[in-house]
Amino acid sequence: MTSLEVSEETEDSGPGGYAAARLLLLHEKERSGPSRRAALARLTDDWLAALFAAAAPPRGVALVAVGGYGRAELSPRSDLDLLLLHDGSADKAAIAALADRLWYPVWDLGLALDHSVRTAAEARATAADDLKVHLGLLDARPLAGDHGLVAALRTTVLADWRNQAPKRLPELDALCRERAARMGELQFLLEPDLKEARGGLRDAQALRAVAASWLADAPREGLDGARRRLLDARDALHLTTGRATDRLALQEQDAVAAELGLLDADTLLREVYEAARTISYASDVTWREVNRVLKARSARPRLRALLGGRGGAGRTATGKPPVERTPLAEGVVEMDGEVVLARTARPERDPVLPLRAAAAAAQSALPISLHAVRRLAATATPLPVPWPAEAREELVTLLGAGEATVPVWEALEAEGIITRLLPDWERVRCRPQRNPVHTWTVDRHLVETAVRASSLTRRVGRPDLLLVAALLHDIGKGWPGDHSVAGETIARDLATRIGFDRADVVTLATAVRHHLLLVETATRRDLDDPATVRAVATAVGTVGTLELLHALTEADALATGPAAWSAWRASLVADLVKRVAGVLAGETPPDPEAAAPSAEQERLAIEALRTGEPVLALHTEPVAAEPEEPEPVGVELVIALPDQPGVLPAVAGVLALHRLTVRAADLRAVELPPVLGAGSGPVLVLDWRVAAEYGSLPEAARLRADLVRALDGSLDIPARLAEREAAYPRRRGLTAPPPRVTVAAADSRLATVIEVRAQDAPGLLHRIGRALEGAAVRVRSAHVSTLGANAVDTLYVTRPDGSLLPDEEAIDLARTLESALR
C-alpha cells in the first residue's frame, strides 16, 4: 500500500492521518529524488486543501504555496511557505480565524511554517520592499480556494519583476555576492551548506529568477541535473539526521552517502562539488550577460543623443551602433568585453585555437564567451601528440597570467576541453581533500599553485617548467598510494604529450616526485646533519632543479592555505636550499660535532655552572621578505643549566604553560674547562625556537622561575596542562586518529631519527620528553612541524654515551613512545 493510498483511507483533514502517510512516504526506499519530493508536495497539498475546506472559508480567499513548496520541491524537513491570500472583502476576524485553523495543525505536527496573510495589493507592496518575498511569489502555486485570485497575483508579480528588472537584478546580484562572501564556495568546502553557499540551491533559484525577467538566461545544459543532485543530497541529509539542516557536516557524510547509494563520503562530496561547479559557472555566465545587457541599455539613450537620432552617422543599416572587434591573437578578438572567435576562425582546421584563445583571454584579463568555448569544444580538431611548440607556448602563457587564469580555466573545464587536452585531469577534477589545511579541491589547488608560481617566475631559469610543474605537482592524487610516486609517472607521460624534450621531461618528473622534499626536510630534519643535506642534494641532482623546487615549494604552500606557509617555514627552506646548493657546487658540509659553542652559549653556560641554576636569554629573530619590512619569525630561547635528568620535559612543559609553540630545539652538552669562581663540569645548552600562540611573550624571569620549580618538582606540569585542557571543551566532529611513531629512514651518523605523528595539543612535546626520559635515551635535537590539527615531531636521539640506537632498540623505543602518547 502506498502512502497516498494510506492518506485516502484516513480522515482527510486529520493531522494523524497525514502524519502517518507522510512517515510512510519518507521511508519508501523505492521512491526517492524528484518523485518523492513531488509526492510529498501532493500529499501536503491534499491535507492543506482538506483543512481549508473544513474551515468553510469565505469567498475571495485562497491558500497559496510559495518558494520551494510553490515549486513542489518538498524535502523531508523543508519549511512550508504559505500565503493566505484574500481580496479584502471578508471580515478581518473571519480571515484571522481561518488562518488559525490552517496554521495550528501544521505547528501541532512540529512542521516548520513560514506564513503570511495578505491581500494581492499588500503582497505586491511587500514584494516591492523585500526582494526575498518577490522571489518567493514568482513560484506561487494555488492549493485551495479562489484560483483566479492567485492567477491574477502571479501575473501582476511577474509583470512587476520584468518591469523592475533593471533595478531588482542588481539587488539580487549583490545579495548573491554577499551570501557567497559569508558562506564560501560550496565546491571547495569540506562541510558545505547545500543551500546558502555559492553554487548551492539559492543560486539555482536566483538563475530561475533571472530567466523569468526575460533579460538573460542561464546555460541550461546540466543545470537541472545539478539542482536535482543537491536536492537529493539535502533529502538524504534530512532523513539521516532527522533535522532541518542544509549543512553537510563531516560526521554525517558517510550516512548521507549510504542513503544515496554512493560508495563513500568522497564520492558524495565529488558529486556535490560537480553540481555546485555547474551552478557557479552558470551563475558567472548569466550575471555577466545581465550586466552587459543593463550596461548596453543605460548607454543607448546617451549614444542616440550623441549620434543625432536613430539615423545618425556611425550607425549600421539596421540602426544599431557598430560593434567594435579588437584583434587579440590569430582567430581571436575582443568584442563587448568578452573574448570571442574571429569571423575567419576555423576551429576544425586549427587545433591550437582553444589554447590560443584561452591564453589571449587570460593575458587580457577578459572572460571567454560561452558561445566561443562551446564552439571550440564542439568543433576544434584534437591536438597531435606530441603537441606542436605553439600549443606548449600557449599553455605556458595561459598558466603565467596570474589570477586571470582561473576563470578562463574554469570555462574550458566546464565544457570538457581541459580533460581532452590532459586526459589524466579527470581523476583530480572535483576531488576533495580531507585535510582541513587545504582550501581547494585537488584540481583547483593545481591551478592556484600555477597562479602563485606566476609571480615567482623571475627567480628561476626556466619559467615554463615552473608553471607546468605547478600544474602537475599533485596530479597523482587521483591514484592509490603515494601521490608523489604516482604523479612522477603521470607527469612524465603528460610532459611528453605536451611536447617537452627528454631532459625537460626528466626535470618535470623529478620536480613532481620531490615537490614536498624541501619543506618536509627543512621542518622535520636537522639541517646541521651533513647526511640531511647530502640526501636532498642527491635527490635533486642539479642547481637548476633545486631553484625550480624552491619556487614550487613556496607556490604549493601559498596555494594550500594560510596555515601552510609562514616566514618561519620560508626561512628554514631558504637555509636548506643554501646548504644544498653548496653541496651541489662541491662544498663539504661542516661537521656539527666540531662546532664550538657560540660566545653567548658559552657565557650562559659559565653562569649556569657558577650558580648551579638555569640561565636563559630571549632574542626576537626578524627575517625580511622585503628588506624594508622585516617580519618576525619567532624567538630564540637559549637555556643553560647543569646537566641533570628531566630537562627536556621540564622545559617543554613550561613553554606549553606559557602558551609558547615550539618549532625547533637543539640540545648539546658542553664540557667547560675550570673557570674562576665557576668550577668545571658538563653543562646542558638548549637552543629553542619558539613563537607565542597569541599575545606578547612572557618575561624571561617568569620562564626561569617556573623552570626552576619544574625541575625541583614543586610545579606539577601534567596537572596544570590537564586543567587547561579540561577548561576548553572539544569541538564536536570526527575523532582524531591515534598517534603513530616510526623510526625514520635517515642515513645520519649523528643520531637515530624518530618521527612522531599525532594530534597537535598543548604539552605534546612535554609528554614525548617524559616518555624519552623513562626510556633512558639522550635527545640531541627536536624539530616540530604543525599543519592544522596535525603535528609531526622529529627527534634525533642517541644512547647516553652518544652512540646510535641499534635497530631493535630503536623500534622498541618507537613502540614505547606510541604507547605513552595513546
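Colleague: Help me get a handle on the sheet that holds strand β6 (residues 332-335), residues and values and all.
Modeller: Read across the sheet, three strands follow the order β5-β6-β7 without closing on themselves; strand pairing throughout is antiparallel. This sheet does not close on itself; its edge strands, each paired only once, are β5 (325-329) and β7 (338-341). The average undirected angle you get between the axes of adjacent strands in this sheet is 40 degrees. Strand direction decides the pairing type here: β5 and β6, joined by four bridges, are antiparallel. Residue Arg325 lies in a different strand from β6, and its bridge partner there is Met335. Contacts from helix α14 (residues 353-363) reach β5, β6 and β7 within the one sheet, and its direction differs from that of β6 by about 40 degrees.

Colleague: Give me the lowdown on the packing of helix α9 (residues 165-183) against helix α10 (residues 201-213), citing residues and values where you can.
Modeller: A pair of packed helices is characterised by two quantities: the angle between their axes and the separation of those axes. Contact geometry for α9 and α10: axes closest at 11 Å, N-to-C directions at 170 degrees. One element, α9, and the other, α10, form an angle in the roughly antiparallel class. Taking contact as the criterion, the partners of Ala165, Leu169, Leu172, Cys176 and Arg179 in α9 are, on α10, Arg202, Asp203, Ala206, Ala209, Val210 and Ser213. Of the residues in the contact of α9 with α10, the class split is seven nonpolar, one polar and three charged.

Colleague: Quick one: what's the story with the packing of helix α11 (residues 223-241) against helix α12 (residues 250-259), residue by residue and with numbers?
Modeller: The N-to-C vectors of α11 and α12 enclose an angle of 115 degrees; their axes lie 9 Å apart at closest approach. Relative to α12, α11 is oriented roughly perpendicular. Here α11 runs over α12; the crossing is right-handed. Contact residues: α11 offers Ala233, Ala236, Leu237, Leu239, Thr240 and Thr241, while α12 offers Glu252, Ala255, Val256 and Glu259.

Colleague: Explain the sheet that holds strand β1 (residues 61-65) residue by residue, including any values.
Modeller: The mixed open sheet is built from four strands, whose spatial order is β3-β2-β1-β4. Two strands close off the open sheet at either side, each with one partner strand: β3 (113-119) and β4 (141-145). Sheet twist, expressed as the mean angle between neighbouring strand axes with direction ignored, is 25 degrees. In this structure, β1 lies alongside β4, joined through four bridges in antiparallel fashion. What sits directly across from Ala65, in β4, is Arg141.

Colleague: Which residues make up unusual backbone geometry, and what values do they have?
Modeller: That bond from Val385 to Pro386 is cis: its omega, 0 degrees, falls within 30 degrees of zero. Along the polypeptide, Pro386 turns up in the loop between α15 (370-379) and α16 (389-399). The phi dihedral of Ala56 falls on the positive side, at around 50 degrees, and the residue is not glycine. With respect to the helices, strands and loops of the structure, Ala56 is situated in the loop between α3 (33-54) and β1. If you check the backbone angles, Asp336 has positive phi at about 55 degrees while not being a glycine. Locating Asp336 in the fold gives a position in the loop between β6 and β7. Exposure remark for Asp336: the relative accessible area of 46% places this residue in the partly exposed category.

Colleague: Any chance you could break down the nonpolar core for me, citing the residues and the numbers?
Modeller: A general tendency of soluble globular proteins is for nonpolar side chains to be buried together. Trp387, Trp409, Leu422 and Trp425 are the most contacted members of the largest nonpolar core, which totals 92 residues. Listed in part, the 50 residues of the second largest apolar core include Leu641, Val662, Ile754 and Ala758.

Colleague: Tell me about the pairing of strand β15 (residues 790-798), and name the residues and values.
Modeller: The element β15 is largely enclosed, with a buried count of eight among its nine residues. Pairing geometry for strand β13 (residues 752-759) and β15, over eight bridges, is antiparallel. Across the sheet, residue Glu755 finds its bridge partner in β15, namely Thr794. Pairing of strand β14 (residues 778-787) with β15, which is carried by nine bridges, proceeds in the antiparallel orientation. Directly across from His783, in β15, lies its bridge partner Thr794. Two successive antiparallel strands, β14 and β15, enclose a turn made up of two residues, where Gly788 displays a positive phi of approximately 65 degrees.

Colleague: Please provide a residue-by-residue account of the pattern of salt bridges, values included.
Modeller: In this structure the tally under the stated criterion is 56 salt bridges. Residue Glu818 pairs with Arg822 through a salt bridge whose shortest N-O separation is 3.4 Å. What makes Arg822 exposed here is its relative accessible area of 60%. Linked by salt bridges that have partners in common, Arg71, Glu73, Asp139, Arg208 and Arg227 make up one network.

Colleague: Kindly report on the pairing of β7, identifying the contributing residues and their values.
Modeller: Residues Glu338 and Val340 point to one face of β7 and Val339 and Leu341 to the other, with burial holding for every one of them. Pairing between β6 and β7: four bridges, direction antiparallel. If you follow Val332 over to β7, its bridge partner there is Leu341. The turn linking β6 back onto β7 is made up of two residues, and Asp336 within it adopts a positive phi angle of 55 degrees.

Colleague: Run through the environment of Cys176, naming residues and quoting values.
Modeller: Its place among the elements puts Cys176 in helix α9. Those residues in contact with Cys176 that sit more than four places away from it in its chain are Asp203, Ala206 and Trp287.

Colleague: Describe in detail the side chain of Thr523, supporting the description with residues and values.
Modeller: Take Thr523: it is sitting in helix α23 (residues 517-524). Here Val519 takes part through its backbone oxygen, which lies 2.6 Å from a polar atom of the side chain of Thr523.

Colleague: I'd like a rundown of the packing of aromatic side chains, residues and numbers included.
Modeller: By the definition in use, this model includes four aromatic pairs. Summarising the aromatic geometry, the rings of Tyr18 and Trp47 are spaced 4.2 Å apart at their centres and angled 5 degrees between planes, so their arrangement reads as stacked. Taken together, the positions of Tyr18 in helix α2 (residues 15-26) and Trp47 in helix α3 put the pair 29 residues apart, joining distant regions of the chain. Each member of the pair, Tyr18 as well as Trp47, carries the same accessibility label: buried. With centroids separated by 5.1 Å and ring planes inclined at 90 degrees, the aromatic side chains of Tyr104 and Trp107 adopt a geometry described as edge-to-face. Of this pair, Tyr104 and Trp107 both sit in helix α5 (residues 92-108), separated by three residues, roughly a single helical turn. On the basis of relative accessibility, which here comes to 46%, the residue Tyr104 falls in the partly exposed class.

Conventions we followed
Residues numbered from 1 in each chain as written. Predicted model: local features only at pLDDT ≥ 70, side-chain atom pairs only at ≥ 80, totals over all residues. Heavy atoms only, no water. Pairing = 2+ DSSP bridges. Helix = DSSP H or I, 4+ residues; strand = E, 2+ residues; numbered from the N terminus. Axes fitted to C-alpha atoms, helices over the stretch in contact; angles between N-to-C directions. Contact = heavy atoms within 4.5 Å. Parallel < 35°, antiparallel > 145°, perpendicular 65-115°, else oblique. Nonpolar A, V, L, I, M, F, W, Y, C, P; charged D, E, K, R; others polar. Left-handed = near helix turned anticlockwise from the far one by under 90°. Buried < 20%, exposed > 50% of the residue type's maximum accessible area, 1.4 Å probe, protein only. Core = buried A, V, L, I, M, F, W, Y, C linked by side-chain atoms within 4.5 Å. Salt bridge = Lys/Arg side-chain N within 4 Å of Asp/Glu carboxyl O. Polar contact = N/O pair within 3.5 Å; in protein donor to acceptor, adjacent residues only side chain to side chain. Phe/Tyr/Trp six-rings, centres within 6.5 Å; stacked < 30°, edge-to-face > 60°.

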